[in-house]
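# Report on the structure
Chain residues, written in single-letter form:
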Amino acid sequence: MDFFIGHYNYWIVIFLMMVGLYTVISRGNLIKKIIGLNIFQVSVFILYISLGTVEGGAAPIITEGVEVYSNPLPHVLILTAIVVGVATTALALALVVRIKESYGTIEENEIHNQDHSL
């Protein structure tokens, strides 16, 4: 039972991944799909941050009395991924606005029906 309690962050990651994946697969609304992708993306961020954390580790600045250092690379990569994720979300929302202007809806099945009726 200690394994489950000590690794609760990994259970949170798995839960968020499944919620995000379910939202993307089950919903037809394009905005809800974007939200599902963002939830999935946040779960990956939490996973990398969890893997990069060192118990008792200090910042990699050489000082007296510090033996264990934490690697800053995963955190830096996640900062970059957050910026890319925000830009990707902005692009996706802009595309949804254009789709709404063209088709009059953001429901996936209605867009599909309009394309096949032409």
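Under an unreviewed UniProt entry, the protein has the name NADH-ubiquinone oxidoreductase subunit 4L and belongs to Candidatus Tenderia electrophaga. As recorded by UniProt, the Sequence similarities (unreviewed entry) comment attached to the protein reads in full: "Belongs to the CPA3 antiporters (TC 2.A.63) subunit C family." On record in UniProt, under Subcellular location (unreviewed entry), the comment for the protein is "Cell membrane".

## Some points on the packing of helix α2 (residues 8-26) against helix α3 (residues 30-52)
One way to put it is that α2 packs onto α3 with a least axis distance of 7 Å and a crossing angle of 160 degrees. The angle between α2 and α3 falls in the class roughly antiparallel. Crossing geometry of α2 relative to α3 is assigned as left-handed. Across the interface between the two elements, Asn9, Tyr10, Val13, Leu16, Met17, Val19, Gly20, Leu21, Thr23, Val24 and Ile25 of α2 pack against Lys32, Lys33, Gly36, Leu37, Ile39, Phe40, Ser43, Val44, Ile46, Leu47, Ser50 and Leu51 of α3. Each residue belonging to the contact of α2 with α3 can be placed in one class, and the counts come to 15 nonpolar, six polar and two charged.

## Points about the environment of Lys33
Mapping Lys33 onto the fold places it in helix α3. A C-alpha to C-alpha distance of 24 Å links Lys33 and Asn9, two positions 24 residues apart in sequence. For Lys33, the residues in contact, after removing those within four places along its chain, are Val24, Ile25, Arg27, Gly28 and Glu108.

## Points about the UniProt feature "transmembrane region" (unreviewed entry) in the protein
What UniProt calls "transmembrane region" (unreviewed entry) maps, in this numbering, to residues 6-25, 37-63 and 75-97. Taken end to end, residues 37-63 has its terminal C-alpha atoms 42 Å apart, with 59% of it in helix and 0% in strand. Taken as a whole, residues 75-97 contains 100% helix and 0% strand, while its terminal C-alpha atoms sit 33 Å from one another.

## Section: the confidence of the model for the protein
In the predicted model, the protein carries a mean pLDDT of 89, and the fraction of residues at 70 or more is 94%. Summarising per-element confidence for the protein, the mean pLDDT is lowest in helix α1 (residues 2-6) (61) and highest in helix α4 (residues 73-103) (95).

How each quantity is defined
Residues numbered from 1 in each chain as written. Predicted model: local features only at pLDDT ≥ 70, side-chain atom pairs only at ≥ 80, totals over all residues. Heavy atoms only, no water. UniProt positions renumbered as here; feature names shortened; annotations may be inferred. Axes fitted to C-alpha atoms, helices over the stretch in contact; angles between N-to-C directions. Helix = DSSP H or I, 4+ residues; strand = E, 2+ residues; numbered from the N terminus. Parallel < 35°, antiparallel > 145°, perpendicular 65-115°, else oblique. Left-handed = near helix turned anticlockwise from the far one by under 90°. Contact = heavy atoms within 4.5 Å. Nonpolar A, V, L, I, M, F, W, Y, C, P; charged D, E, K, R; others polar. pLDDT = per-residue confidence, 0-100.

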